[in-house]
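# Analysis of the macromolecular model
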Amino acid sequence: MAVDDQVLGKPKRVSAKAARAAQAAVTPPPVAAPGATPSAEEAAQQEITRREFLNYAWLASLGIFLAQMGAVAYHFTFPRFKAGEFGGTFNVAAKELPELAAGPAAYNQGKFWLVHTDQGVLAIYKVCTHLGCLYDWKPTEGLFICPCHGSTFEKSGKYVRGPAPRNLDRFVVQLKDASGATLAQTDPSGGPVALPSNAEIIAVDTGKLIQGARHG
Ligand code: FES
């Protein structure tokens, strides 16, 4: 009979339950009035949004922190000074080393004196260990003398007299052959480096200062 009704174009009978479901599907959700208290569902949605925002903020903070750590690691991993500028390494040809009996050779850009002693090679910092003046080499006296307060040092940088509290400071020196292989270098005490016969290069590292020993 029902088949006959459809075939004849008669309206199909719909149950009450199905009618209510269809009505709910086409009815738009109620819009909250301004100032009205949000429903539990809206509050839950707002809570999720807030949580997502906090997650994004935390991730952004983490990203900034990692970027800063990377920048610090880069800064300390790579040398900050170039060869040939103070703070970096100066390569001096061994043949430029002064004769044993001669006075020191000044390297103003590197702020050191290159000295040849009986025990070997030294690179002495040009700044006085008293209050930081630049001292001079006095050939007639064979001594370093500071013009500020008269501190005096031997050619090796050893304290002689005056208010300076310690010997002159020294830089680390490496003696290398023609291929660049290191033959000898300054020991931790800063003593002179004996000069091998096949040394071709004197590398003075002005980034590595060894303080002179205190006297008295
Ligand atoms: S700064 Fe050299 S003696 Fe005072």
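Numbers given to residues run from 1 along each chain, matching the order in which its sequence is written. The predicted nature of this model means local features are confined to residues of pLDDT at least 70 and side-chain atom pairs, given and counted, to a pLDDT of 80 or more, with totals for whole chains, interfaces and linings taken over all residues. Neither water nor hydrogens contribute to the side-chain values; these are computed over all heavy atoms in the structure.

## Focus: the overall build of the protein
In terms of helices and strands, the protein carries three helices and eleven strands. Each helix corresponds to a stretch of at least 4 residues labelled H or I by DSSP, and each strand to a stretch of at least 2 residues labelled E; elements are numbered beginning at the N terminus. Ordered by position in the sequence, the α and β elements of the protein form the string α-α-α-β-β-β-β-β-β-β-β-β-β-β. Residues counted as buried form 29% of the 216 residues belonging to the protein. For the accessible areas, the method is Shrake-Rupley and the probe is 1.4 Å, while residue cover comes only from the protein chains on display. Surface summary for the protein: the accessible area is close to 14600 Å², and the carbon and sulfur share equals 59%. Exposure categories follow from relative accessible area, calculated using a 1.4 Å probe and restricted to protein chains: below 20% of the type maximum is buried, above 50% is exposed, and the middle band is partly exposed.

## Considering the packing of aromatic side chains
Centres within 6.5 Å are what make two rings of Phe, Tyr or Trp a pair, Trp counting through its six-membered ring; a difference in plane orientation under 30 degrees is then read as stacked, over 60 as edge-to-face, and the rest as tilted. One pass over the structure, following the stated rule, counts eleven aromatic pairs. When the centroid spacing of 5.0 Å and the interplanar angle of 65 degrees are considered together, the rings of W137 and F144 count as edge-to-face. Here the aromatic cluster, defined as three or more aromatic residues joined through ring pairs, consists of W113, Y135, W137, F144, F153 and Y159. By definition here, charges over rings are those cases where NZ of Lys or CZ of Arg is within 6 Å of the ring centre and within 35 degrees of the ring normal. The aromatic ring of F86 is capped on one face by K111, whose charged end is 4.4 Å from the ring centroid. The aromatic ring of W113 is capped on one face by K126, whose charged end is 4.6 Å from the ring centroid.

## Considering the pairing of strand β9 (residues 170–176)
Successive residues of a regular strand alternate their side chains across the two faces of the sheet. For β9, the buried fraction is high: six of the seven residues fall into the buried class. The pairing criterion is simple: DSSP has to find at least two bridges between the two strands. In this sheet, strand β10 (residues 182–185) lies alongside β9 in antiparallel orientation, the contact comprising three bridges. Residue K176 lies in a different strand from β10, and its bridge partner there is T182. Between the antiparallel neighbours β9 and β10 lie five residues, among them G180 with a positive phi of about 95 degrees.

## Some thoughts on the pattern of salt bridges
In the sections that follow, a salt bridge refers to a side-chain nitrogen of Lys or Arg positioned within 4 Å of a carboxyl oxygen of Asp or Glu. Tallied over the full model, the rule gives two salt bridges. With its nearest N and O atoms 2.9 Å apart, the salt bridge here joins D169 to R166. For the pair shown, D169 and R166 are each scored as buried. Close ionic contact of K208 with D205 constitutes a salt bridge, the shortest N to O distance being 3.8 Å. Residue class for K208 comes out partly exposed when judged on its relative accessible area of 49%.

## Focus on the state of the cysteines
In this description, the term disulfide denotes a pair of cysteine sulfurs within 2.5 Å. In total, this model carries one disulfide according to the counting rule given. Between C133 and C148 runs a disulfide, and the two sulfur atoms are separated by 1.9 Å. Here the S-S torsion is close to -95 degrees, and the disulfide linking C133 with C148 is therefore left-handed. Linking C133 in the loop between β4 (120–125) and β5 (136–138) with C148 in the loop between β6 (143–145) and β7 (152–153), this pair joins segments that are 15 residues apart in sequence.

## As for the side chain of D205
By secondary structure assignment, the location of D205 is in strand β11 (residues 201–210). In this structure D205 comes out as buried when scored by relative accessible area, which is 17%.

## Details of the nonpolar core
For this analysis, a nonpolar core means a set of buried residues of the types Ala, Val, Leu, Ile, Met, Phe, Trp, Tyr and Cys, connected via side-chain atoms within 4.5 Å. Ranked by internal contacts, the top residues of the largest apolar core, which has 19 residues, are F112, L114, V173, I202 and V204. For this core, the secondary structure elements donating two or more residues are β1 (89–93), β2 (105–107), β3 (112–117), β4, β9 and β11. Apart from residues no more than four positions distant in its own chain, F112 is found in contact with F90, V92, A105, A106, Y107, A123, I124, K126, F171, V204 and T206. Core analysis: the second largest hydrophobic core is formed by 13 residues, V115, C128, W137 and L168 among them. Should any heavy atoms of two residues lie within 4.5 Å, those residues are considered in contact.

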